[in-house]
Amino acid sequence: MANLGNDNLEEEVMEETTEEENADYVLDDFDNLPVNTRFLGSTSDARPWFAKYANFPGLVKLKKNIGLSDVTMEHVLPFLPGKSLCRFKAVSKEWNRWISSPFLAHLQTTHFKDISGLICQSPGSDPSFISFNQDAYGIPSPSFNFLPQLVNIRTTCNGLVCCQSVFEVGNFFYYICNPVTKEWHVLPQPKFFHGPETAVALVFEPSALGFSAHYEVVCAVPVDQNDVSIIFFEIYSSRSRSWRTTDTICSEPDVLKLSINGFYMKGFVYWTSLSGAILVFDLKDEQYGILPLPARSGPYGALTQMHGELCYMLPQIQDGECLIGVYGNLDMSLKCVIPVEHEVLGETFSDCRVLTCVNSDILIILLPNKVIAYHVKAQKMQVVSETGTEGFQNCLPYINSLVAVAK
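Residues numbered from 1 in each chain as written. Predicted model: local features only at pLDDT ≥ 70, side-chain atom pairs only at ≥ 80, totals over all residues. Heavy atoms only, no water.

A. A look at empty space enclosed by the protein. Going through the model one piece at a time under the given rule, you end up with two cavities of 30 Å³ or more. If you add up the space inside the second largest cavity, you get close to 30 Å³. Lining the second largest cavity, in full, are Thr109, Phe112, Lys113, Asn158, Pro206, Ile399 and Ser401. The class makeup of the residues in the lining of the second largest cavity is three nonpolar, three polar and one charged. (1 Å grid on protein atoms, 1.4 Å probe; cavity = no way out; pocket = protein on both sides within 12 Å on 5 of 7 lines; lining within 4 Å. Points joined across faces, edges and corners; volume = space filled by probe spheres on them. Nonpolar A, V, L, I, M, F, W, Y, C, P; charged D, E, K, R; others polar.)

B. Region of interest: the pairing of strand E17 (residues 302-306). In terms of residue burial, E17 counts as a mostly covered element, since four of its five residues are buried. As paired elements, E17 and strand E18 (residues 309-318) share five bridges and run antiparallel to each other. In the sheet register, Gln305 faces E18, and the bridge partner there is Leu310. (Buried < 20%, exposed > 50% of the residue type's maximum accessible area, 1.4 Å probe, protein only. Helix = DSSP H or I, 4+ residues; strand = E, 2+ residues; numbered from the N terminus. Pairing = 2+ DSSP bridges.)

C. Summary view of the sheet that holds strand E3 (residues 117-121). If you trace the three strands from one edge of the open sheet to the other, you get E4-E3-E25, paired in antiparallel fashion. Both outer strands of the open sheet, strand E4 (128-131) and strand E25 (394-398), are each paired with one neighbouring strand and no more. On average, adjacent strands in this sheet sit at an angle of 25° to one another, irrespective of strand direction. (Axes fitted to C-alpha atoms, helices over the stretch in contact; angles between N-to-C directions.)

D. Inspection of the side chain of Asp282 at higher detail. The topology assignment puts Asp282 in strand E15 (residues 277-282). The side chain of Asp282 sits in the buried core without any salt bridge; Lys284 is the nearest counter-charge, 7.6 Å away. A polar contact of 3.0 Å, which involves the side chain of Asp282, links it to the backbone nitrogen of Lys284. A polar atom in the side chain of Asp282 sits 3.5 Å from the backbone nitrogen of Asp285. (Lys, Arg positive; Asp, Glu negative; His and termini not counted. Salt bridge = Lys/Arg side-chain N within 4 Å of Asp/Glu carboxyl O. Polar contact = N/O pair within 3.5 Å; in protein donor to acceptor, adjacent residues only side chain to side chain.)

E. Structural view of the pattern of salt bridges. Taken as a whole and judged by the stated rule, the model has three salt bridges. In this structure, the salt-bridge partner of Glu286 is Arg244, at a minimum N-O distance of 2.8 Å. With Glu286 in the loop between E15 and strand E16 (287-292) and Arg244 in strand E12 (residues 242-250), this pair connects stretches of sequence that are 42 residues apart. One connected set of salt bridges, linked through shared partners, spans Glu216, Arg244 and Glu286.

F. Geometry of helix H5 (residues 102-111). The buried fraction of H5 is high, at seven of 10 residues. Of all the residues in H5, the buried ones are Leu104, Ala105, His106, Leu107, Gln108, Thr109 and Thr110. As for H5, its buried residues are in contact with helix H3 (82-88) and helix H4 (93-99). (Contact = heavy atoms within 4.5 Å.)

In structure tokens, the structure reads:
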């Protein structure tokens, strides 16, 4: 890989040598072909138009002194969390240059997918961060005081965080930021007033083929018009750097009161409603649909992705035992039940919550005194934090990423 900040891996172009010196690299002996031999597109009888390119492998040579440090830089660092990478800048000037480059940030964004912790917030208080590994995961300013205003955390997606300034009369702003790098961008004002009841979803899909980290902010905005409550959909795109209002409006009574945090999956945004339904918005066609929630759904359940499918996780307490019901399909029927092991719980508890997965393999379970990760493929549970989440109204999963914030 050339020009990625690693001098030892850069290609070295050698001076042109004679045809005799490059004889080992020639694909065919074009000079000794019969005189009457002709090639399509050739201006001469003997040598085809592409013959001069046959010596190309002899002109390029990789340096032979590639060490362990070079291999680590290219094949290990992209799989590490942002906090660790920031610490590794002190290893050498070469590491600092490579880690600070946008190329490494892009690679790390597409390779590192592990949930690093929870961004939590209570009403009227600053945000805080619960790290699942104090040595590897962390953000330098958990209170988000690097932003110019006090904010409420609205939603997260693949390393980016969407915040909204604390409401003032006629004046509020959305901020998209990366708390690891402290980069942020303030969005222009939308057409409608986005109050606390506005449901927000952040859409960001890292792609190995797309160098720019473009995102969208999708908002379901409830508006009262002529004593009728309807929902407008407003979308901000970092590509156009502007808001647009879709032609689709929703007046279904079952989804007029939505959860404020949306869930994005495979081109669709999902919001649960307080009346037991799911509002689905198709980003491509900009149309909406409605799915049912399980009969006993409540504030402790969450939408998530498991085995590539949309699922709803609902914890239940039965005889002192915590069971996680997994509901799926279009009718949200019960698919399986995950028991929470007594050894992991440690003691009795009165309630538990589940969070949306950041990938299809890890389910986060919140208890009053600890946080548990359930590994779906391995079917085992692990205590990832002894810090309780009791008292927090909003807890959102976060990936420790170096993703650059598109301006």
